[in-house]
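# What the coordinates show
Chain by chain, the residues:
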Amino acid sequence: MERVDYCGSLRRMKETIGDVDFLVAVKESRKPARNASLRLRSDAGRVMDSFVAMPSVVKIWGKGTTKSSVRTREGFDMDIRVVPKNSYGAALQYFTGSKEHNIATRRVAMGKGLKLSASVTEEDVYKALGMQWVAPEIREDRGEVEAALADKLPKIIGYHDIKGDLHTHSDWDGGMNSITEMAKAALEMGYDYIGIADHTKFLRIEHGLNEKQLERRNKEIDKINLKFQKQKSKFRVLKGCEANILNDGSIDIKDEALKKLDYVIAGIHSNFKMPKDKMTDRLIRAMENPHVDIISHPTGRILKKRDEYQIDFDKVLRAARETGTVLEVNAWPERLDLNDQNIKKAKEAQVKIVVNTDAHHKSQLKMMELGIAQVRRGWAEKKDVINCHPLQKMLMFLK
Ligand SMILES: [Zn+2]
Ligand SMILES: [Zn+2]
């Protein structure tokens, strides 16, 4: 086995996926063609045997010479395909999709009278087409083919570009870990800062903090930062909160308390079914609060459970731009909100984005990868995402 990749919607990092597709390259033989196909078959046969014999396989849908299909204990259907190394690039590009992207690239190939089946790497495929290589996350035929042909693809953010997480919860509210534990986990992620955005008082079930409790929590953060300073560490814990946007767009915590924080996130956690104009006004009024820096999970959907709230997103974007409010992309797997198309719209409207995990446990800081994938799918570049910046520069994007 020379190389293996997962492809399809998983490689494109879609919000939800169906089955999982694997592609495997096996060595070409130096012997004549007839033997080469025999060699492929025997190498492929070994891959097929091991694939269907994996301990997590509970059902074998089919086992062929170069393709097999199984169901795992977790309920996933998985397919595997073996191709010769010399056509691996073309196969990887084809099986990654999307269908729409493939139709568009095939049109380019036909226009140039090209056949791409002999490409060893995916880069070869795009090069032959006279295009830049396109990141799998944006292969949706939403302008990427034209941009790649014109050498104008944006340099979308990378999986290691994030410098800190601004939406995390500690054990001061419903979170599972202390602020120190969250900070240490953030340091291990290689971050320069972490923002603690505990819930505020309206959210009783999440042990939301009132003004006095926030004050006490701030003092603890000061102490922790002092320790970092003494250790000559530049790492900082930021004082934030995730306040609640009430029905009329007001915030559930007094301005005097908000003023003492490094930043304020505000989000809607109640009354999700307001009519569109009222819900839009509610969000806009919150953004007009001079202390509110970030709107968390701005459209409120929970994948496969709760639809987005009804809002006029263009109006919300205009207000975000005018008030300098940052919109969040929440990395929580069921949220991933904003979605890709709204991220692209925000970028085009020059509204800044922040990618946060909403971690309630230190291990959940790792969900950042999903959030990054989502902003990549929305074509966001480093300059569009405030937490790609070091601390001082990031703070400049807050009110
Ligand atoms: Zn929230
Ligand atoms: Zn939260």
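Our structure's up above, just so we're on the same page.
Residues numbered from 1 in each chain as written. Chains lettered and ligands numbered in written order. Predicted model: local features only at pLDDT ≥ 70, side-chain atom pairs only at ≥ 80, totals over all residues. Heavy atoms only, no water.

### Topic: the coordination of the zinc ion (ligand 2)
Distances from the zinc ion (ligand 2) to its protein donors, H167 (NE2), H169 (NE2), E242 (OE) and D358 (OD), fall at 2.1 to 2.2 Å. Here the zinc ion (ligand 2) binds four donor atoms, and the angle range of 80 to 169° at the metal identifies the geometry as irregular. Donor residues for the zinc ion (ligand 2), ordered by position in the chain, follow H-x1-H-x72-E-x115-D. Between the zinc ion (ligand 2) and the zinc ion (ligand 1), a spacing of 3.5 Å is present, and a bridge between the two is formed by E242. Residue H167 is found in strand β6 (residues 164–168), and its partner D358 is found in the loop between β12 (353–356) and α13 (368–377); the two are separated by 191 residues along the sequence. Residue class for H167 comes out buried when judged on its relative accessible area of 0%. Given the relative accessible area of 6%, D358 is considered buried. (Donors = N, O, S within 2.8 Å, 3.2 Å for Na, K, Ca; no water. Tetrahedral: all angles 85-135°; square planar, octahedral: opposite > 155°, others 65-115°. Helix = DSSP H or I, 4+ residues; strand = E, 2+ residues; numbered from the N terminus. Buried < 20%, exposed > 50% of the residue type's maximum accessible area, 1.4 Å probe, protein only.)

### What to know about the sheet that holds β6
Spatially, the seven strands line up as an open sheet ordered β6-β7-β8-β9-β10-β11-β12, and their pairing is parallel. Each having just a single partner strand, β6 and β12 make up the two edges of the open sheet. Where strand β9 (residues 265–267) lies against strand β10 (residues 294–295), two bridges are found, and the strand directions are parallel. Bridging across to β10, A266 finds its partner in I295. Of the strands in this sheet, β6, β7 (193–199) and β8 (236–244) are in contact with helix α7 (residues 179–188), which crosses β7 at around 145°. (Pairing = 2+ DSSP bridges. Contact = heavy atoms within 4.5 Å. Axes fitted to C-alpha atoms, helices over the stretch in contact; angles between N-to-C directions.)

### A word on the nonpolar core
Counting 59 residues, the largest nonpolar core has I162, I194 and V237 as its most contacted members. Ignoring anything within four residues of it in the chain, the contact list for I162 reads I157, Y191, V355, M368, I372, V385, N387 and C388. (Core = buried A, V, L, I, M, F, W, Y, C linked by side-chain atoms within 4.5 Å.)

### A word on the coordination of the zinc ion (ligand 1)
Six octahedral donors at a metal ideally form angles of 90 or 180 degrees, and four tetrahedral donors ideally form angles of 109.5 degrees. Within the protein, the zinc ion (ligand 1) binds to E242 (OE), H269 (NE2) and H297 (NE2); these donor distances fall in the range 2.1 to 2.2 Å. Read from N- to C-terminus, the donor residues coordinating the zinc ion (ligand 1) fall into the pattern E-x26-H-x27-H.

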